[in-house]
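A structural walkthrough
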Amino acid sequence: MFNRSPQNLTKLGLYLKDTRLDLGLSLRKAAGLAEISPAHLCKIEQGNNFSSIGLNVLLKLSKVYKMPVVTILRRGGLINEV
């Protein structure tokens, strides 16, 4: 089940931000590696706009953060654990 509630978008954003910080990446560096703008990544991390994070962006971030998209979605609360 895919859950796009505002609370889960915030949780996803915080998870992505925490992951980026754990990897020692600045917002600008992570955005550059993912080939998105720092403003776009900031918006995603704030969790206030679901349309700003499409599958292509998730794929790029999963490569930068070296984890599968499904892990990001699960830990971000957008899909349930099976």
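The structure this text deals with has already been given above.
This write-up is about the structure you can find in this document. (Residues numbered from 1 in each chain as written. Predicted model: local features only at pLDDT ≥ 70, side-chain atom pairs only at ≥ 80, totals over all residues. Heavy atoms only, no water.)

This part covers the packing of helix α2 (residues 27–34) against helix α3 (residues 38–46). Taken N-terminus to C-terminus, the directions of α2 and α3 make an angle of 105°; their axes are 8 Å apart at the nearest point. In this view, α2 runs roughly perpendicular relative to α3, as classed from their interaxial angle. Facing α2, whose interface residues are L27, R28, A30 and A31, α3 presents P38, L41, C42 and E45. Class assignment for the residues of the contact of α2 with α3 results in 6 nonpolar, no polar and 2 charged. (Axes fitted to C-alpha atoms, helices over the stretch in contact; angles between N-to-C directions. Helix = DSSP H or I, 4+ residues; strand = E, 2+ residues; numbered from the N terminus. Parallel < 35°, antiparallel > 145°, perpendicular 65-115°, else oblique. Contact = heavy atoms within 4.5 Å. Nonpolar A, V, L, I, M, F, W, Y, C, P; charged D, E, K, R; others polar.)

Our next topic: the side chain of T71. Along the chain, T71 falls in helix α5 (residues 69–75). Overall, the relative accessible area of 18% leaves T71 in the buried class. The residues touching T71, leaving out its near neighbours within four places in the chain, are Y15 and G76. (Buried < 20%, exposed > 50% of the residue type's maximum accessible area, 1.4 Å probe, protein only.)

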